[in-house]
Amino acid sequence: MGVVILLVMAAGVAAMLTRKLPTAFALVILAVVIAFVAGAPLTGENSVLDTVIQAGAPALAATMIAILLGSWLGKLLDETGIAGTLVRKIVEFGGDRPVVVALGVLAVSTLVGTVTGSAPAAMLAGIIGIPAMIAVGIPKVTAAGTILMGIAAGMPFELPIWQFFSTALELPVETVRGFMLKLFPFALAAAVLFVLIETRRRGVEHAWSLKSASAKPVSRRKQLGDAPWYALLTPVVPLVLALGFEVAILPSMLAGVLFALVTTTRPREMNKRLLRTLYGSFEVAAAPIVLFIAIGILLAAVKLPGAVESLEPLVKAVSPQNPVLFVLVFTLLVPLCLYRGPLNVYGLGAGIAGVLIAAGIYPAVAVLGLATSYNQVFGVSDPTSTQTVWSAQYAGVTPQQVMLRTLPYVWAVALGGFCVTAASYL
Amino acid sequence: MSAALLDRAALAAVRELEAEDDVAFGVRLLANTPTHEGRDPELLRHWARTADAFGAALPPVPATARIVESDGGLTKGLLARYTSRPVPTVELFTDTLALAEELIDLLGWREWYPAGSVRAAAIAHEAVHERLHHGPAKKTLKQALNHVVLRAGRHTLYGHVAGADEIAAHAHARVACGLGRSPLLLTAALATAAEPQHGSATGSSYGREK
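Source: prediction; values computed, not measured.

Analysis parameters
- Residues numbered from 1 in each chain as written.
- Chains lettered and ligands numbered in written order.
- Predicted model: local features only at pLDDT ≥ 70, side-chain atom pairs only at ≥ 80, totals over all residues.
- Helix = DSSP H or I, 4+ residues; strand = E, 2+ residues; numbered from the N terminus.
- Rg over C-alpha atoms; globule rule 2.2 N^0.38 Å.
- Buried ≥ 20, exposed ≤ 12 C-beta atoms within 10 Å, placed from the backbone.
- Contact = placed C-beta atoms within 7 Å.
- Pairing = 2+ DSSP bridges.
- Axes fitted to C-alpha atoms, helices over the stretch in contact; angles between N-to-C directions.
- Parallel < 35°, antiparallel > 145°, perpendicular 65-115°, else oblique.
- Left-handed = near helix turned anticlockwise from the far one by under 90°.
- Nonpolar A, V, L, I, M, F, W, Y, C, P; charged D, E, K, R; others polar.
- pLDDT = per-residue confidence, 0-100.

**A look at the overall build of chain A**
Next up, step 1: Secondary structure assignment for chain A yields 19 helices and one strand.
Next up, step 2: Here the C-alpha radius of gyration of chain A, 22 Å, is about what a compact globule of 426 residues would show, namely 22 Å.
Next up, step 3: Along the three orthogonal principal directions, the C-alpha set of chain A runs to about 65 × 50 × 40 Å.
Next up, step 4: Within the span of chain A, comprising 426 residues, buried residues form 59% of the whole.
Next up, step 5: Intrachain contacts of chain A at a sequence separation of at least 6 include 79% that bridge at least 24 residues.

**So, the pairing of strand β4 (residues 148-152) of chain B**
All names here are of chain B.
Next up, step 1: Summarising burial for β4: zero of the five residues are buried, a small minority.
Next up, step 2: With four bridges connecting them, β4 and strand β5 (residues 155-158) associate as antiparallel partners. The residue of β5 that forms the bridge with Val 148 is Tyr 158.

**So, the packing of helix α9 (residues 159-168) of chain A against helix α12 (residues 249-264) of chain A**
Residues and elements named next belong to chain A.
Next up, step 1: Two numbers describe how α9 lies on α12: the axes approach to 10 Å, and their chain directions differ by 165 degrees. Of the possible angle classes, the one that applies to α9 and α12 is roughly antiparallel. When the axes of α9 and α12 are compared, the crossing they make is left-handed. Counting all contacts with α9, which are made through Leu 159, Trp 162 and Gln 163, the residues of α12 involved are Ile 249, Ser 252 and Met 253.
Next up, step 2: A per-class count over the contact of α9 with α12 returns four nonpolar, two polar and no charged.

**Structural notes on the confidence of the model for chain B**
Residue and element names in this part refer to chain B.
Next up, step 1: Confidence in the prediction for chain B averages 85 pLDDT; 90% of positions are at 70 or higher.
Next up, step 2: When the criterion is pLDDT under 50, residues 198-210 qualifies, and its contacts beyond four places in sequence or with other chains add up to 41 contacts.
Next up, step 3: Among the scores for the predicted complex, ipTM is 0.85 and pTM is 0.84.

**Side note on the interface of chain A and chain B**
Next up, step 1: In this assembly, 41 residues from chain A lie in contact with 47 residues from chain B.
Next up, step 2: Put simply, the parts of the chain that give the side of chain A that touches chain B at least two residues each are α5 (82-94), α7 (118-135), α10 (173-202), β1 (205-209) and α18 (386-395) of chain A.
Next up, step 3: Here the side of chain A that touches chain B takes six residues from α7 of chain A, the largest share from any one element.
Next up, step 4: Partitioning the side of chain A that touches chain B into residue classes produces 20 nonpolar, 12 polar and nine charged.
Next up, step 5: Relative to strand β2 (residues 78-83) of chain B, β1 of chain A runs antiparallel, the two sharing five bridges. Within the sheet, the bridge partner assigned to Glu 205 of chain A lies in β2 of chain B and is Thr 83 of chain B.

**Section: α18 of chain A**
All names here are of chain A.
Next up, step 1: Across the 10 residues that make up α18, a large majority, seven, are buried.
Next up, step 2: Buried within α18 we find Gln 387, Thr 388, Trp 390, Ser 391, Ala 392, Tyr 394 and Ala 395.
Next up, step 3: At its buried positions, α18 is contacted by α7, α8 (140-154), α17 (364-381) and α19 (399-425).
Next up, step 4: Positive backbone phi, at 90 degrees, marks Gly 396, one or two positions downstream of α18.

The structure is reproduced here in C-alpha cells:
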C-alpha cells in the first residue's frame, strides 16, 4: 500500500512539474487519493470528507490570517511610500558605489522579507530597487538575485512562516523561533556574500538603452513623496514585538499595520486607507491562502492512521539516522525542492514532512530544520516560485539565470541548516 | 526591422522629438530613472543641464576597453554596453547601429550625425562610463549636481543622482564626435522605430538596462 501511495505522490509531482495542474489543485486531489488508498472511509472518524477535507482545509487558518496581515502591511508599505523611500535614500547616499547600493537594497529586502513573502515582497523591494541597482551599474542577474537573497535573509523572521511551521508541524512558536534564530546567520551571511562576491566577479555594467529617452516613464511606481523617517521603522515593529517582547504573531503584525498607518496618514484619511489596503491585500494573499488550504488537506491525509502505517516502513528504510549521513543525503537532495519538486515545503514537501513526523522517523524539530532549510532554497532559486519569476522578469533576465547564480549560495544555507539540525536534534 | 517601416504616426512622433531641445531628453532620462518619481521637473532640468555641461567639458581620452561587436541589440533594446569584468569591454550591437544609420538617412539627419559617427559615439559614451567607474570624475559630477542630502556644520554630503552619469556620457559623445544634436534624440527616434522588437522582448517587465 505504501508503494501505491508513493506512486500517487510521484504522479502528483509530475502533474505539478508539467503544469498539468496548479499546485493547490494537485495537492487536494493527491490528498483525496491518498486517503482512499489508505483505506479511509468516506465519512466519520479518520474519513475522507470529515477528516481530510472538512478538518484539513482550515487546519492552517492561523497561517492564512498571518499571510493576510503580512500582505496588508506590505500594501501599506507600498501605498505610503515607506518601501520606496527606503530604497531612494539608499541610492542617494551610496549611489556612486554600486556595492553599497546593493547592500542597502539587500537590507531593505531583508526588512521587507520579515513582513511578507512571495512576489509581493519582491515587488515592494524590487520595483524601485531593481532599476535603481541597474542604474548604478549592478548587472541585471545580480540585481534580481540581491532582492531574492535579501528576502530570504528576512525569511527566518517572517512571522507568517513561524505560524505556518508551528501549526503544520505541531510545534510551539517558541521552538520555531529558536530554530529560525539559528538559521538566520547562515541566510544573512549567504546574502551578504552573494552581493560582495557577485558585484566583484561581475563588475559593473552600463548600457546605451533605447528606452532611456522614451517619453513614457518606465517606472510603474506611482509618484509618491518621501515617507517620514520614523515611518521607515515600520518593518521592524512586528519583529521587535514578536522577537523582543514575545507578543503573539497576529497582534505583532497588527501593531505594524497601525504603526504604518499613524506615522503616514492624516486621521481623516485613515479609515479609507485601512479599508483600501485591506481589501487590496486579499487579492495579494489569495494565492498563498489557497495553497495553505490545500496543504492543510494534504497534511490531514498523510496523517491518517492507514497512511502512516503504510508509509512508515518505507520512509524509515530510506531515511538516514546517522547525523553525517543525514546532512549529506539531504544536502544532495536540495535540487528536489526546485521546480515544484517533491521537497518543496509549499507542495508535496509539506506532506513528506507530515509523514516523517507522524511515522516518528525524526523528531518534529528536526523536520522543522529540514523544511526551513529547503524553504531557504525554494524562496530564492526556484524558477517557478512567483518571487523569482517576478524579480527575474522585471530585471529583464530569465528565472533560470537567477537560479544558476543564486543556487550555490542558498545550497550552502541549506547545508548550514542541516548541520545545525543534525548537531542539535538527532 | 528597417527604418523604412516607420509608419506615418511614428514619423510624426519622431518629427515632434526633433523639435524638442537636447536638455529635454536628459529630463526624460532622469524622469524614467527610478528614485526620481515626484521630483520637481525644474530640478530635473537643472540636473540634466548640469550633467550635460559636465559631460561636454570632459577632455577626450582614448577608449582603453576591449571592443567587441555582436548582434541582437534590437531584441535587447540596446545600442552598446560597457562591462567592467572580466576585462573592461565595450560591446557594440551591429543591428542597432545599422538601424541607426538607416534612420538617420531616412529622417535627413546626416548633417547632425555624420556617417559612422554613431559607432564612434557609442565608444565615446561607454568610455565615459569607464572613466566615471574607475576615476575621480564621479565625485566631481556629484559636487556639480549639488544634490545635498546631509549638512552638518562645515560638512556636506552630496547625494547620488541616478541617471546623471548617463546624460554626461551622451553629452561627451556629442562633443567628442562632433554631433549636431544629442545622441539622446537619436536614441528616442530609435526607440520609436524599434519599439515592436524590444517592446515584445521585455513584455511588461522593467526590462531595460538604464
